[in-house]
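# Commentary on secondary and tertiary structure
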Amino acid sequence: ADALLGTIEKGLASRRRVLTFGGFAAVLLGIAWSDSIDWEGAWLALAAALFYTGYLLLMSAARSNAEVLPAFFLATAGATLALGSIAVVRGDPLTGFPATSWAAMVAAALVSQIGGVFGIVWALRYIPATLASVVLLVQPVGTALLGWLILGEALHPVQSLGGVAVLVGILL
């Protein structure tokens, strides 16, 4: 997302972009060298990065003129309507989940959506989308570290090196 944002906003490749993009390439190489790879998941992750790029650009533009609550509400309502419509068309169940599942969904919505995304939308008035995208690159690195620490998931050495490159790129 950062590489695409930088290209769109400035048309230039900085050392930070090259290093962070190279770090993610190393992470992907580590995935390719693993015994089992979920190519569908990898393509979905790439699609998510492209959509996230568009989201950051749109929210950055919206925040230059709008307050955080209306911008956040409109973006969240639009995403809910679009994804809810897709779920209905696909025939995905929207009810019948146990209370523990509802609690997990509500907690994820409060922490990730309202907490995390609201913070990003708020910050986009004060920092450029390119900087926000670079800082947000810490998320997958942190997720991989938590998976390793808590769940005992293996990290390929190339993935670890890629994570270090991403963190160095963020610090530059």
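Note that this is a predicted model, so its numbers are computed, not measured. (Residues numbered from 1 in each chain as written. Predicted model: local features only at pLDDT ≥ 70, side-chain atom pairs only at ≥ 80, totals over all residues. Heavy atoms only, no water.)

Along its length, the protein chain carries eight helices and zero strands. Each helix (α) and strand (β) of the protein chain, taken in turn from the N terminus, gives the series α-α-α-α-α-α-α-α. Taken across its 172 residues, the protein chain has 22% of its residues classed as buried. For the protein chain, restricting intrachain contacts to residue pairs at least 6 apart in sequence, the fraction spanning at least 24 positions comes to 79%. A total accessible area of about 11,200 Å² is found for the protein chain, and carbon and sulfur atoms account for 74% of it. (Helix = DSSP H or I, 4+ residues; strand = E, 2+ residues; numbered from the N terminus. Buried < 20%, exposed > 50% of the residue type's maximum accessible area, 1.4 Å probe, protein only. Contact = heavy atoms within 4.5 Å. Areas by Shrake-Rupley, 256 points an atom, 1.4 Å probe, with all protein chains shown as cover.)

We now examine the side chain of S60. Turning to its location among the elements, S60 is positioned in helix α3 (residues 39-63). Owing to a relative accessible area of 16%, S60 belongs among the buried residues under this scheme. Aside from chain neighbours lying at most four places away, what touches S60 is L124 and A129.

Membership of the largest hydrophobic core is limited to 12 residues, which are L56, M59, V68, A71, F72, V117, I120, V121, L124, A129, A132 and L136. Elements that contribute at least two residues to this core include exactly α3, α4 (68-90), α5 (99-123) and α6 (129-136). What A71 contacts, discounting residues up to four positions off in sequence, is M59, A62, R63 and V121. (Core = buried A, V, L, I, M, F, W, Y, C linked by side-chain atoms within 4.5 Å.)

By the element assignment, R63 lies in helix α3. E67 provides the closest opposite charge to the buried, salt-bridge-free R63, at an N-O distance of 4.7 Å. Beyond its immediate stretch of four places on either side in the chain, R63 contacts V68, A71, V121, W122, L124, R125 and Y126. (Lys, Arg positive; Asp, Glu negative; His and termini not counted. Salt bridge = Lys/Arg side-chain N within 4 Å of Asp/Glu carboxyl O.)

In this structure the tally under the stated criterion is four aromatic pairs. Relative to Y55, the ring of Y52 has its centre 6.1 Å away and its plane inclined at 15°; by these criteria the two rings are stacked. Of the two residues, Y52 and Y55 both sit in helix α3, three residues apart, roughly one turn of that helix. Taking relative accessible area as the criterion, Y55 reaches 22% and is therefore assigned partly exposed. (Phe/Tyr/Trp six-rings, centres within 6.5 Å; stacked < 30°, edge-to-face > 60°.)

What follows deals with the confidence of the model for the protein chain. Residues at a pLDDT of 70 or more form 77% of the protein chain, whose mean pLDDT is 79. Looking over the protein chain, one finds the lowest element-wise mean pLDDT in helix α1 (residues 2-9), namely 48, and the highest in α4, namely 92. (pLDDT = per-residue confidence, 0-100.)

Two elements in contact, α4 and α5, have axes separated by 10 Å at closest approach and are oriented at 125°. Relative to α5, the element α4 lies oblique. In this structure, α4 crosses over α5, and the sense of that crossing is right-handed. In this structure, α4 uses V68, L69, A71, F72 and T76 to contact α5, whose residues at the interface are Q113, I114, V117, F118, V121 and W122. (Axes fitted to C-alpha atoms, helices over the stretch in contact; angles between N-to-C directions. Parallel < 35°, antiparallel > 145°, perpendicular 65-115°, else oblique. Left-handed = near helix turned anticlockwise from the far one by under 90°.)

Once that is clear, we can look at helix α7 (residues 138-151). Counted at 1.5 Å a residue, the expected span for α7 with its 14 residues is 20 Å, and the 19 Å between its end C-alpha atoms agrees. Count one or two residues on from α7 and you reach G152, which has phi positive near 70°. (Expected span 1.5 Å × (residues − 1).)

Packing of α6 against α7 leaves a shortest axis separation of 5 Å and a crossing angle of 10°. The angle between α6 and α7 places the two elements in the roughly parallel class. On the side of α6, the interface is formed by V134, V135 and L136, while α7 contributes V138, Q139 and P140. A breakdown of the residues in the contact of α6 with α7 according to their chemical character gives five nonpolar, one polar and no charged. (Nonpolar A, V, L, I, M, F, W, Y, C, P; charged D, E, K, R; others polar.)

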